[in-house]
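Fold and geometry: a report
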Amino acid sequence: MTLVLKKIFFLGITILLLTGSGNSLVHAQTTPEIATSTPQTPEEAIEFRNKILDLFNIPHDTPMTLYDIMQGKTLDGSKIPNIETIMKIKQGPLSDMQLVFNEKNLAPGSTVQAVIASFSTNLQKARIAWYFNGKLVSSGLGNASYLFTLGSLGSTNSIKISVTAETGEHREITKIIYPSNIRLIWSADTYIPTWYQGKALPSGGSRITIFAMPSFYIGGSALNPANLIYGWSINSTTPTADSNISGVGKNSFSLDLSDVVSTSYTITVFVQDNLKRIVSQNSIKISGIRPSVEMYSTDPLYGVKEWLTGKKSFMKNGDAVSLIAEPFYAPLNDFANLQYSWRINNAKIGNSNSTERKLMFTTEPGSTGSQTIGVSYQSPTNIVQQGRGSATINVQ
């Protein structure tokens with residue numbers, strides 16, 4: 001089956017339509033262009049649409065757009081799955097009405113799209129009024145969406161909708177929003193020299209730990225992060241139920257990366273207070289890199305010199321230099337057991353598979369030319385854990 005992507009704009013949201021020659025997830029339909037704000041990406045629009053469908057336990061493959069949700073019908077006129085169950089539980093027009101935000105992270109100063117959803121009432125024929133922080137900000141027939149900007153950290157924001165259906169039924173919903181932030185920081189258990197001022201990066205087979213640092217305020221007072229409830233997930237939209245990972249005060253999460261460096265992970269943390277007044281989440285993408293080996297000269301008086309970091313250096317004939325191999329980002333769990341092999345012009349020198357990282361290199365008096373020095377390491381317990389590096393020395 002061939003699928004074609006089409007985009008339309010409605011209520012400030014980009015709606016992605018998948019059409020094709022077979023059964024389609026969503027069939028194409030012309031919808032009014034009412035967008036006045038910056039549209040979301042197609043992926044974000046689909047996620048938002050699916051979020052609304054989840055509220056009503058409707059499968060994601062139901063052929064519907066956000067516009068159809070406002071009208072309570074499918075694109076092709078078919079019956080909405082589970083609609084009988086929905087209507088039995090929630091009787092009457094507007095009884096199933098929901099107020100949904102397109103943002104999961106209600107951060108200070110962020111712009112949020114609010115949308116009303118209902119399958120018991122055609123909202124396009126309902127009179128809808130929006131109130132933000134107690135003030136009437138928008139009203140009209142079928143006015144089922146509103147764009148607003150949250151206040152600063154520590155502020156209290158209220159959004160209220162007042163809806164009167166065509167048949168006269170009336171309902172109001174008010175939500176209180178406390179803008180919040182979750183900062184994610186990470187550390188990798190990989191090797192870097194003590195003098196190196198950069199950060200240790202994750203590599204294949206290493207362990208990485210992510211720390212969540214939430215800034216939650218209610219009524220101007222900060223909530224204690226130790227009392228918040230944390231949930232963690234890997235490549236999932238729902239947190240794990242493992243009590244060893246998720247729970248009160250569990251603001252850190254450790255992960256052992258795959259030896260395959262191309263493997264990528266999306267780590268998500270879900271944070272809320274015990275009364276669910278603030279519910280927020282944040283994600284970070286993690287992947288490993290290949291370790292590299294850099295060579296430096298060492299001096300008894302001056303220590304390590306950045307001598308070969310440019311992969312090329314010069315020395316006088318007859319001189320000697322002490323070299324040290326630095327396996328940047330090698331996993332610490334097996335670092336002490338790494339075995340090194342040195343080569344000069346591709347010929348092995350010294351003991352192979354030695355744990356010694358240093359090499360004394362001496363040039364003969366009167367000699368000239370270039371010498372290529374190479375070093376590699378290998379873990380004796382994991383053949384995937386390896387790295388190599390080389391540099392050229394011009395003898396003058």
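All of these numbers come straight from a predicted model, not from anything done at the bench.

Moving on, we get to the pairing of strand S17 (residues 264-272). By the criterion of burial, S17 is predominantly enclosed, with seven of the nine residues buried. Sheet topology note: the strand S14 (residues 229-234)/S17 ladder contains six bridges and is antiparallel. What sits directly across from Ser 233, in S17, is Thr 268. Relative to strand S18 (residues 279-287), S17 runs antiparallel, the two being bridged by nine bridges. Note on S18: the bridge partner recorded for Thr 266 is Lys 285. Adjacent in sequence and paired antiparallel, S17 and S18 are bridged by six residues, among which Lys 276 carries a positive phi angle near 60°.

Remark: the centre distance and the inter-plane angle together describe each pair of aromatic rings, the angle taken between the planes. Enumeration over the complete set of coordinates arrives at eleven aromatic pairs. Seen from their ring centres, Trp 195 and Tyr 196 are 6.4 Å apart, and the 85° between their planes marks the pair as edge-to-face. Residue Trp 195 is classed as partly exposed on the basis of its relative accessible area, which comes to 32%. Tyr 196 gets classed as partly exposed once you look at its relative accessible area, which sits at 30%. Taking 5.8 Å as the distance between ring centres and 70° as the angle between the ring planes, the aromatic pair formed by Phe 328 and Tyr 329 counts as edge-to-face. Under the relative-accessibility criterion, Phe 328 is labelled buried at 5%. Members of the aromatic cluster, connected to one another through ring pairs, are Phe 101, Trp 130, Phe 132, Tyr 146 and Phe 148. Sitting over the ring of Tyr 131, Lys 160 keeps its end group 5.1 Å from the ring centre. Looking at Lys 175, its charged tip hangs above the ring of Phe 101, at a distance of 5.3 Å from the centre.

Together, Ile 185, Phe 211 and Met 213 line one region of the surface with nonpolar side chains, adding up to about 220 Å² of accessible area. Take Ile 185: it is sitting in strand S10 (residues 181-188). Using a relative accessible area of 31% as the deciding quantity, one classes Ile 185 as partly exposed.

When pLDDT is averaged along the protein chain, the result is 79, and 76% of the positions lie at 70 or above. In this model residues 1-39 is a low-confidence stretch, pLDDT under 50, and it forms 99 contacts with partners more than four residues away in sequence or in other chains.

Okay, the environment of Asn 333 next. On the secondary structure map, Asn 333 appears in the loop between strand S22 (320-328) and strand S23 (339-344). Asn 333 sits 142 residues away from Tyr 191 along the chain, and the two C-alpha atoms are 9.7 Å apart. A distance of 3.5 Å separates a polar atom in the side chain of Asn 333 from the backbone oxygen of Gly 205.

What the three strands build is an open sheet, ordered S3-S4-S7; its pairing is antiparallel. If you trace the sheet from one side to the other, it starts and ends with strand S3 (98-101) and strand S7 (145-149), each paired once. Direction aside, neighbouring strands of the sheet carry axes that sit 25° apart on average. Where strand S4 (residues 111-117) meets S7, five bridges bridge the pair, whose relative direction is antiparallel. Of the residues in S7, the one forming a bridge with Val 115 is Ser 145.

Relative to the elements of secondary structure, Ser 246 occurs in the loop between S14 and strand S15 (247-248). Within the local environment of Ser 246, its side chain forms a polar contact with the backbone oxygen of Thr 240, the two atoms lying 3.2 Å apart.

This part is about the nonpolar core. Among the nonpolar cores identified, the biggest contains 23 residues, and Phe 101, Trp 130, Phe 148, Ile 159 and Val 163 are the most heavily contacted of them. Elements with a contribution of two residues or more to this core: S3, S4, strand S5 (127-132), S7, strand S8 (157-164) and strand S9 (170-177). Look past the residues within four positions of Val 163 in its chain and what remains in contact with it is Leu 94, Met 97, Ile 116, Leu 123, Ala 126, Arg 127, Ile 128, Glu 169, His 170 and Arg 171. Core analysis: the second largest hydrophobic core is formed by 21 residues, Phe 216, Trp 232, Tyr 265 and Val 269 among them.

With that settled, the discussion passes to the pattern of salt bridges. For the structure shown, the criterion picks out four salt bridges. Salt-bridge contacts for Glu 172 lead to Lys 160; the nearest nitrogen and oxygen are separated by 3.5 Å. Of this pair, Glu 172 sits in strand S9 while Lys 160 sits in strand S8, and the two are twelve residues apart along the sequence. The class of Glu 172 is partly exposed, set by a relative accessible area of 42%. A salt bridge links Arg 207 to Asp 256; its shortest N-O distance comes to 2.7 Å. You can see Arg 207 sitting in strand S11 (residues 207-215) and its partner Asp 256 sitting in strand S16 (residues 252-256), a full 49 residues away along the chain. By relative accessible area, Arg 207 is classed as partly exposed at 39%.

The rules behind each value
- Residues numbered from 1 in each chain as written.
- Predicted model: local features only at pLDDT ≥ 70, side-chain atom pairs only at ≥ 80, totals over all residues.
- Heavy atoms only, no water.
- Buried < 20%, exposed > 50% of the residue type's maximum accessible area, 1.4 Å probe, protein only.
- Helix = DSSP H or I, 4+ residues; strand = E, 2+ residues; numbered from the N terminus.
- Pairing = 2+ DSSP bridges.
- Phe/Tyr/Trp six-rings, centres within 6.5 Å; stacked < 30°, edge-to-face > 60°.
- Lys NZ or Arg CZ within 6 Å of the ring centre and 35° of its normal.
- Patch = residues over 30% accessible without salt bridge, like charges linked within 9 Å, V, L, I, M, F, W, Y side chains within 5 Å.
- Areas by Shrake-Rupley, 256 points an atom, 1.4 Å probe, with all protein chains shown as cover.
- Salt bridge = Lys/Arg side-chain N within 4 Å of Asp/Glu carboxyl O.
- pLDDT = per-residue confidence, 0-100.
- Contact = heavy atoms within 4.5 Å.
- Polar contact = N/O pair within 3.5 Å; in protein donor to acceptor, adjacent residues only side chain to side chain.
- Axes fitted to C-alpha atoms, helices over the stretch in contact; angles between N-to-C directions.
- Core = buried A, V, L, I, M, F, W, Y, C linked by side-chain atoms within 4.5 Å.

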